[in-house]
Amino acid sequence: MIILYYTLLCFLFFVMFFCLLFLLSPLFSLIPFVTVRKKVLNEIIRELNLDEKSILYDLGCGDGRVLFAALKTNPDISCVGVEISPFPFLLANTKKIFFNFKNIQILYGNFFKKDISPASHVFLYLFPKSLDELLPKLEKELRVGSRVISCDFEFSKRKPDKILELQASTGQRNKRLYIYDF
Ligand SMILES: C[S@@+](CC[C@H](N)C(=O)[O-])C[C@H]1O[C@@H](n2cnc3c(N)ncnc32)[C@H](O)[C@@H]1O
């Protein structure tokens, strides 16, 4: 009986802890934790055009869904997610452990302060201001030929090599992918 009581107490504690982290998210980033829709994941993965040597970064990875989806279809690639907000960071790491994903690192912190030079592919779902602040870093650190895909928003100072319209009904997010070959 006592064991059951303490298990329940621990469970409630973790639920409350996660709720608190979720509520505190705006303190860590002005960009909210909003994920890409599950229905657009396949198109993102297809457009990334990954092969077994690919190293995919998601800067502001949220719950890591783009990286996990990429690993499901391409188990030999390496993935790195960077997340500044504790709630999605813990969620992504919980998924990683729970589903026993290999070849993936979820790093805590600010992507502006991380070395992204190993990346061959980068996925972004950020606001335009952050994209523009990030562009000089991408141009400096990424190798020639690296592919960058930004969902819904584009760099104001760089023309995309391709724009892909996604199926979305009125009011739905994730309407477009902007694809850049650096
Ligand atoms: C719109 S969500 C996208 C989540 C995920 N990439 C997806 O597509 O499902 C943006 C995420 O970026 C994170 N973020 C914003 N600025 C960041 C920064 N400077 N460093 C790391 N993460 C950041 C936010 O906490 C948020 O979870």
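As a starting point, this report considers the structure included with it. (Residues numbered from 1 in each chain as written. Predicted model: local features only at pLDDT ≥ 70, side-chain atom pairs only at ≥ 80, totals over all residues.)

1. A few points about the environment of Phe68
And then number 1: Take Phe68: it is sitting in helix H3 (residues 65–73).
And then number 2: With 20 C-beta atoms packed within 10 Å, Phe68 lands in the buried category.
And then number 3: Residues Phe68 and Leu41 lie 27 residues apart in sequence; the distance between their C-alpha atoms is 10.0 Å.
And then number 4: If we ignore the near neighbours within four places in the chain, the residues touching Phe68 are Lys95 and Phe101. (Helix = DSSP H or I, 4+ residues; strand = E, 2+ residues; numbered from the N terminus. Buried ≥ 20, exposed ≤ 12 C-beta atoms within 10 Å, placed from the backbone. Contact = placed C-beta atoms within 7 Å.)

2. Here we look at the packing of helix H2 (residues 41–48) against H3
And then number 1: Here H2 crosses H3 at 65°, and the two axes come no closer than 10 Å. One finds that H2 runs roughly perpendicular with respect to H3. Viewed along their axes, H2 and H3 form a crossing whose handedness is right-handed. Where H2 approaches H3, its residues Leu41, Ile44, Ile45 and Leu48 are matched on the opposing element by Arg65, Val66, Ala69, Ala70 and Thr73.
And then number 2: Within the contact of H2 with H3, the residues separate by chemical class into seven nonpolar, one polar and one charged. (Axes fitted to C-alpha atoms, helices over the stretch in contact; angles between N-to-C directions. Parallel < 35°, antiparallel > 145°, perpendicular 65-115°, else oblique. Left-handed = near helix turned anticlockwise from the far one by under 90°. Nonpolar A, V, L, I, M, F, W, Y, C, P; charged D, E, K, R; others polar.)

3. Side note on helix H5 (residues 128–141)
And then number 1: Here H5 spans 20 Å end to end across 14 residues, near enough to the 20 Å set by a 1.5 Å rise per residue.
And then number 2: At Leu134, H5 shows its largest kink, close to 35°, and the proline Pro136 lies no more than four residues downstream.
And then number 3: The inward-facing, buried residues of H5 abut strand E1 (55–59), strand E4 (121–124) and strand E5 (147–151). (Expected span 1.5 Å × (residues − 1). Bend = angle between axes of the 7 residues up to and from the residue.)

4. Some details on the site of the ligand
And then number 1: Within the structure, the ligand sits among 22 residues, and Thr35, Gly60, Gly62, Ile84 and Ser85 are positioned closest to it.
And then number 2: For the shell around the ligand, the secondary-structure elements that each account for two or more residues are H3 and strand E2 (78–83).
And then number 3: Its residues assigned to classes, the shell around the ligand shows 13 nonpolar, six polar and three charged. (Near = placed C-beta within 6 Å.)

5. Looking at helix H4 (residues 86–98)
And then number 1: With 13 residues, H4 should cover 18 Å at 1.5 Å per step; its first-to-last C-alpha distance of 18 Å lies within 8% of that length.
And then number 2: For H4, the full list of buried residues reads Phe87, Pro88, Phe89, Leu91, Ala92 and Lys96.
And then number 3: Of the residues flanking the end of H4, it is Asn100, one or two places downstream, whose phi is positive at about 55°.

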